[in-house]
Structures are given as structure tokens and as C-alpha cells.
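Listed below are the residues making up each chain.
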Amino acid sequence: MFFSGDSSNRKRVDLGGRSTKERDRQKLLEQTRLERNRRLWLRQQNSAATKIQKCFRGRKVARLEYSKVREQFYGTYGEHFQNADKSCFGPDSDFLRQLLFFFDARSVGDFTVLVETCRLLQKFVRDTGDIVSLFAGMDYSSKQALVNYRVKKLTYLCIKAVHQNRNQMKDQLFASPKESTVSTTLLLETVVLLTNHKLPWASIENHDSVGRVSSLERTLAVVISHIGQEPCNCSNVGAHWSFSSQILTIPFLWRLLPHLKEVFSARGLSQHYIHQMALCVHNHADVLPNDTSVELPSYACLLGNILESSGVALSQPDRSFELAVDLAAVATFLLESLPSIKSLNRRSKEDSMVGEDDMTEGDDAMEICLNNDLERQICEAIDSRFLLQFTNVLFGGISAVSDLHKAPDDKEISAVGAACAFLHVTFDTLPLERIMTILAYRTELVPVLWNFMKRCNENQKWSSLSEQLAYLLSGDAPGWLLPLAVFCPVYKHMLTIVDNEEFYEQEKPLSLKDIRSLIIILRQALWQLLWVNPTASSNFSKSVTSTPANKKHPVEFIQQRVGIIASELLSQLQDWNNRREFTSPSDFHADGVNDFFISQAVIENTRAHDILKQAPFLVPFTSRVKIFTSQLTAARQRHESHSVFTRNRFRIRRDRILEDAYNQMSALSEEDLRGPIRVTFVNEFGVEEAGIDGGGIFKDFMENITRAAFDVQYGLFKETSDHLLYPNPGSGMIHDQHLQFFHFLGILLAKALFEGILVDIPFATFFLSKLKQKYNYLNDLPSLDPELYRHLIFLKHFKGVISELELYFVIVNNEYGEQTEEELLPGGKNLRVTNENIITFIHLVANHRLNYQIRQQSSHFLSGFQQLVQKDWIDMFNEHELQLLISGSLDSLDIDDLRRNTNYVGGYHSEHYVVDMFWEVLKSFSLENQKKFLKFVTGCSRGPLLGFKYLEPLFCIQRAAGSATDEALDRLPTAATCMNLLKLPPYRSKEQLETKLMYAISSEAGFDLS
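Right, let's walk through the structure included here. (Residues numbered from 1 in each chain as written. Predicted model: local features only at pLDDT ≥ 70, side-chain atom pairs only at ≥ 80, totals over all residues. Heavy atoms only, no water.)

Check the secondary structure of the protein and you find 44 helices and ten strands. Within the span of the protein, comprising 1010 residues, buried residues form 50% of the whole. The contacts of the protein with a sequence gap of at least 6 include a subset with a gap of at least 24, amounting to 75%. In the form shown here, the protein has an accessible surface area of approximately 50,600 Å², with 50% of it arising from carbon and sulfur atoms. (Helix = DSSP H or I, 4+ residues; strand = E, 2+ residues; numbered from the N terminus. Buried < 20%, exposed > 50% of the residue type's maximum accessible area, 1.4 Å probe, protein only. Contact = heavy atoms within 4.5 Å. Areas by Shrake-Rupley, 256 points an atom, 1.4 Å probe, with all protein chains shown as cover.)

With that settled, consider helix H21 (residues 481–497). Between its first and last C-alpha, H21 extends 25 Å over 17 residues, near the 24 Å set by a 1.5 Å rise per residue. For H21, the buried fraction is high: 15 of the 17 residues fall into the buried class. (Expected span 1.5 Å × (residues − 1).)

Geometrically, a packed helix pair is captured by the angle between its two axes and the distance between the axes. Axis separation between helix H12 (residues 298–314) and helix H16 (residues 384–395) bottoms out at 9 Å; the angle between their running directions is 55 degrees. As summarised for this structure, H12 and H16 are arranged oblique, according to the angle between their axes. Classified by chirality, the crossing of H16 by H12 is left-handed. Contact with H12, carried on its side by Leu307, Ser310, Gly311 and Leu314, involves Arg385, Phe386, Gln389, Phe390 and Val393 of H16 and no other residues of that element. By residue class, the composition of the contact of H12 with H16 is five nonpolar, three polar and one charged. (Axes fitted to C-alpha atoms, helices over the stretch in contact; angles between N-to-C directions. Parallel < 35°, antiparallel > 145°, perpendicular 65-115°, else oblique. Left-handed = near helix turned anticlockwise from the far one by under 90°. Nonpolar A, V, L, I, M, F, W, Y, C, P; charged D, E, K, R; others polar.)

What follows concerns the packing of aromatic side chains. All told, the structure shown has 52 aromatic pairs when counted by the stated rule. Relative to Phe102, the ring of Phe73 has its centre 5.4 Å away and its plane inclined at 65 degrees; by these criteria the two rings are edge-to-face. Here Phe73 is found in helix H1 (residues 20–77), whereas its partner Phe102 is found in helix H2 (residues 95–102), with 29 residues between them in sequence. Ring geometry for Phe621 against Phe877: centres 6.0 Å apart, planes inclined by 80 degrees, an arrangement best described as edge-to-face. Placement of the pair is Phe621 in helix H28 (residues 621–642) and Phe877 in the loop between helix H38 (871–874) and helix H39 (879–887), with a sequence separation of 256 residues. Of the two residues, Phe621 and Phe877, both sit in the buried class. What links up through ring pairs into an aromatic cluster is the set Phe73, Tyr74, Tyr77, Phe81, Phe89, Phe95, Phe102, Phe124 and Phe135. Here Arg654 stacks its cationic end above the ring of Phe681, 3.9 Å away from the centre of that ring. Lying over the aromatic face of Tyr852, Arg855 brings its terminal NZ or CZ to 3.8 Å of the ring centre. (Phe/Tyr/Trp six-rings, centres within 6.5 Å; stacked < 30°, edge-to-face > 60°. Lys NZ or Arg CZ within 6 Å of the ring centre and 35° of its normal.)

As far as function goes, none of this settles anything; it's purely spatial.
Structure follows, in C-alpha cells:
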């Protein structure tokens, strides 16, 4: 501060309004608090120093006492135990009292003394055969407390000595009891001797296991048999230090200790330990030790060991329902933590596909790879035998047929909940091909689950299952979620194996009535998941795999999985219904589909649009056709606006229609193919036909070219017995460029669809599935080869020894008299078909005929087809509906519907006498002649799929002559197909009109009549 010129000492004022006294008071309180804390710290310091000094002095005195007793011990019994005899172990001897007092496991000398003591003990037991009198003398009851203490203490010291010196003795741990000179063997055999469950101690030598089992195994076998058994007064062991946490987490434990596996499984001990682990799971307690290896995490090792031993435990006659329930809870919890194991050989394949971009998504996106041997242990443990035993124990007392009005009891709910939780996580983690066939065909899973779901749905019992699975799912998850997550994939797999007779006639595994109920339940559940209460992510992919993010949100993941698998199952059931109708097609339609939903469905990235892609059957067929038509119209308008001045014109010779079309269309780019094409026909005389193509001639061209191209005489396609077309497997023997032709035919069919032109080409269902990139199964084979199908079904139900039929995994192809033999599997010529692999053989044969033989032709056809028609558009329809899109339906030739949607010009009107005659004549025509008339006026023999209301432009009848002179009435009716216009002279009689009209539509004179 600078001098201000004022020498007075002015009092400072606190502008905050606080007085000096208040400030001093706060300071005083703070100083008092600090002083109090300092005194407290000094007292604590002094107290700690006192305790340390007390402890040190006590330890020092104890060491001196230990040394003193040790010297007395050596003085009494000698350095090499030369003065020791069997009386040393008696209650009146100081031998054990002194040894148990001074023993230090870290001391080499003490360790040697303990080993020698164990040697003497075992020698005396062998000599006398009576361990009780050795420790207690003649009266055990009066010395019981002392003897029990000494035995427990000696046992503890033996274990402590092994643990303390485990690193030095690690090579001796697996020594057999016969190696009696080994220190570890002596110590562990003593533990076995002293901890036998037959205490008070008789001789417990187990001659069956001595020599072939290590002393460590014998020790562990005795210890685990003792824990938890009655009577037992041992203190409770902390879960972190239990046998389950410390021993069962050792990688490949049963390889190291095979005898222990037998003891653990056969004596019912597994139930006790698995129950303890199940309690930890339900209490969300983490009791596993820290992982010592990334590839061998403790939870995975524990899972492998439990599953491997449980297969033995479940096969025991005294197996219990509780064991299966607890095992399901523990295995489910551990499997959830496991990374996906979809193939044992996946790592080498995936490593080569991982790019740099895949490595930048953070640690959560990195997949943890387990040790290959550990993966194999887990996969092989969940084999057919395990699954059969597991489901039999759980469902043993549950009937697959019960009273519909009787709600499931608690035991049934527990069984279903345990099975569903375990199997759902198993499906998500392990390779499905290993387990699906077993569950579908060798267990009662499907009928039991269906009966349970049916009764829960009827009696509103789903909440009980939600409570049962609270440890796995959140409380607000619907109870039907997990049963559907298991039922749908297993039943879906079963439907790929079941044949038509089983499904329709024998009604196995579910009756057609039950299937109708199932469709309704699945439809309601799917609508609930996709529209009413959707998951956070509305974009559903076709394959949902488990990721770290999904582990954090299991309910959302299961909802997404059920949404996909239920959609696939309903789609499959719809296919069965299309083959032979057993329920109304409207049963597949969701009740909540309305105009708002339809308006949203045409907009991309909306929930309704996603539902239309994933579960199109929920939307009525007519609504989907309208959406498809609007998509095509929008696409055509986009391309027409861009190609006003680039119209493509074809000059087509009628007698060379296929050749000319192939050459000219193959030269067009994909953009040009989407644009308008105008056609001029040239007749057999080389003269261009009359008529300007406003769209009608192109429609006639499309109908004629498709008829020629798909004609079986051309050799690219063959016919089934039902006259349905499919690619000729031997097309390459007829045409060198057959694959290019299939590409062209794909473009041709797509162009017809793109332009809204119906073509009369009946395709086989198994070929249409290739347009949807779907796989064909056994039940599609009757359409292609009924005789082969009958033979395969005969093999499937054959009761004898199939190997005696001398069948091998080969198939003979016969194309145009040339026979070739192909192996269905590598080495199939030497692989005989047996009762065990007959199902595999049947499906490999069906796969060869339905998928493999036509794979190249179908692939090229599809590549051409997708140049114009997007996959998303086609995915809205099943194969039956796709055929209707291509060819329409005979139901569309409704003359009354055509009359209701007809315009009149030139003096005609709906009540004109000529018009009335015309409709009477047309209605009297045969179906074939009606189709000819339709082609004559529109260029296509089939009407619009949704009726003539959607014909663009509407059909119109125009008066062709101004006056009814004889010359005018001698003219034939003519048409302008581009305008869907019929020019009809005013004939005087019905007979005259019929004659002229029939001549016009049957002349096949091209467009010369126009």
C-alpha cells in the first residue's frame, strides 16, 4: 500500500457485513477441530504401535516355543524317527501334540517330519488294519473330542504342506498311490485315509482305484464326497473358494482327472454342486476366479466341465427333475457369456475375411475367440444323448396332450421355462445343424411346447412363466416370448424334413386344427412385436447374431429373434397352405392392417415398410399388389421422363421372333431396358404389319416372345408332370450359350412384370423360389419327380436294415440318354446309407434335384431378372402369389366385371341394342375364345390381376361405321390395343356379330386388321 497522507489508524470494515468477532470465532472452531483430529491420530498411532509390538513379541515368543518343542520332539523320537512306534499316535502320546504345535509348512525340516509321519501312519494301518484304535486306543468314545481334533489338524497340515510346496512338487501331483516314496503321494494318501466318509475310521483302502488313479484324484474324490453330506459339521465354505469355483474351472479337468469325473457324476454329487451354482445364478453372484487366459476363460472351462459330466449324471437311474432345472439355469447363464460358436472351423475362414475397417469399431465389437479344444468340448458335450436325457428328465411327467381348459401347474412351468431358457441360448451359441434334427425328431419338444403354449394362451397363464424366467428376462417381457423363441426354429426345421403324407394325412406332429390355432397365435405375437410394441431397432435383418450389445439387452434381442423366426415359420406354413389349403388365406392377415398402415408401407424407412419386407403375409394380397403396382408405375414414370427422345425401336420378324428379340434386347443397357420399347412386326412375306405401336403391339410382342422362349421344344425349359416349367438341367447339351439365354429370359420376364403385362407361363414352384433366392426342400420334390419322391418316402419309413439295400451317397443323372454318376458327399461312392444317416441321404438327393442341378441356370436367370425388378418388390410375395403376378388368374376373366368397367363412344351406350348383343355373345364364348378376344383388344390374353377396374386405359367400345349400310356391316371388328379399344360395326343380328367377331379374333393375322 502507498502512503495516503493520513496518519490515523483507521479501523478496517468488512464490506460483507461480517463482524471481526464472528470471523475470529470461525477461526477458533477450525483450529479446535484440527487439534482434536491431531490428538485422535496420535492415539491411533500409539495404539497401532502397541499392537504391532505386541504381535511381534508374541510371534517371537511363539517361535522360541516352537523351537523348544521341536528340539524336545527330536530328542524324544530321534532325528530319523528311530524311537517312534505305533503308540506315538495314541491319545496319551505327545508325538502328535508336539508335531501339530510346531509344524511350519515353509520349513524343509518340518515338511520332512510330516512326510515321515505319514509314512509311519500308513505302515501301522497296513500292519494293524485298525485306524480307530491307533488314534483312540481301546475306548474311542471317551477320547472322541481329542481324536477328532488331532485327525482334522493332521489332515489340514497335509493339505497345507502340499499347497505351500505346490510349485516344487508340481511334477508329483499326478503320481499314483503305488509310488509310495513320493512325498506328495504320502501326504495325499494320508488325507484320503483320514477323511473317508466312513468315519470313525475303519480301514478304507479302495483296491479298485489304487494303482490306476492318482493320489490327487483320490483326495479330491474323498473331499467332494464329504462336503455337503450328512452327518457333516464342517463350516460353510465361501462360494469363491468352493470346489465349483476353484476346481471345476480348471481347463479340461476330466482329461486330467478322469476318475474324479466318475465320482462327481455317479454319486449324485453333481446335483449338490450344480444346485449351489444355480443359487449363485439366481442371486446374481459372481464367484468365478479371475481368468488366467483369454482363450480359456474360467466361465467357459466351467461350462465345458459341467456339461461333460452332466451327460453321465443325467443317465443315472436316480437322476432328478431338480438336477435338470438347476443344470439348465447354470448352463444358460454360462452360455450367455460365451461367444458364438457357429462352426468349429470358423476362425480360419473369418480371419481371412476381416478387413481393416472391421477392426475400428472398438473392443466391444471384437469377437472373443475361445480355444479350439474348449469349443469342441462344449459342442460335443451337447450331443444327441445329452439332449435326449435332458428333455426326458424335464418332460418325463408332462403329457403332450392335456385338457385345454387345465392351466399348466408349477412343475410344468418350471420344466418349460428351464428347457426354453437353455435351448434359446444354445441356438444362439452353438451350430444349429448339430442339435435341430435331434430336437425335432427324437424328442417330444414340439408337441409338449405346443400343448403348453396352447393352454397358457387359453388360460392366460403367461405371467407365471415370466416370473420363472425373471433371472434371464426383465419383468415386463411377455411370457410367450421365450417359448416361441424355441418352438419356432425347431418346428420350422421339422417342416423341412416332414413329408406331405405326414403333414396332411397323418397330421404329425401337430393336427391341422392345431396348426390353424398356431397360425393365429403366431400372427398375433408377430403383430405385437413388429407394430404394437416394436423393439428400439425397427430394421430387422435376416440373420441376427449374438453380439456384446445384445448381451446387455437380452429382451430386445430375443424379441428381434422371435420376430424373424416367427415370420419365417408363418411364411413356411403359408407355403404348405398353398400346396393344399387347410385354412383360409385370411388367417395370415393381421387384424390391424388399415389404410394408414398401407399408406405408410409405401414409404421407405417406416415401420410399416419394414413389416412389409419382413412379414408381407400380414398384409392382404390385394393391398400388396396395389403397393407393387404403384412402385412399378413410379419407376416407369422416372425412366420415361428421362428417355423421351431415346425410345428404342425393334424390328421383329414373326418367324424369327426369338432370335431377333435376343439380338436386339441384348444390345440395350440396363437404363434402356427400363425405358419404353416400340415394336414393328414383319410378316412372313417381309412386309411390315400395319399398326402404330402405342403399347398394344409391344404387349403382343411380349406375349409371343415369352411363349416362344419358354417353349419346351426350344430346350431351355422342361415340363413337370403337371405341365409346369423349370430350367432344363441338360440345357448345356443343346445350346452352347444356354447361360446367356437364361440371362436374357430373366430380363424378358422382368420386362413383362415391369410393364404390367401378364404372360401365360406356368412356372414350377421350386423354380419360382429361386427368384426369391430361397432353398427348396423335400416337400417340393413331388412337383418335379413324383416317382423319386415316393421312393425316398419309402426309405424314410423303411423299418428294416437300410444298409442291406446297398445304397451309397451317389446319384445317377440321365440327360438325353447320357448317364453320369455324382457323389452327394465327398467320398460318397464308399459311404453306405444306413438307418442313422438315411435322413441326410434323402435330403441330399432332394437338394441335388431341386437346387444343385439347376443352380447355374437359375443363377443366370435371376441376374437378368434383377436388372429390372428389385428383390424387395418380389419379396412381398410368396411363390404362389408370384405366379399370379406373372400370369394372373383365370378368375380375372370376369365378363361381368369387364362390362362394369367399360366406356362407350361414337354413339354407343350401355343400353344400346348392339352393345347388349355384344355382351351376350362374348359371355357365350368358351374360356379359350374369351382369352383370344381379350388378347385381340388389349394385346394380352389375361386381364389385370385386381380386375378390369385397373386396366389402363379402361376398355372402350367405339361405333365403327356412321351408317348401317351393307358395305359397313360387312366389315370385321378391329382393335387399337394401345388404347384397349374395340371398333365394333353396328351389326343387325347376334349371329352376324358372333360370326364376324369370332373370325376377327381367330384370324391370327397380326395387326393387319387394325
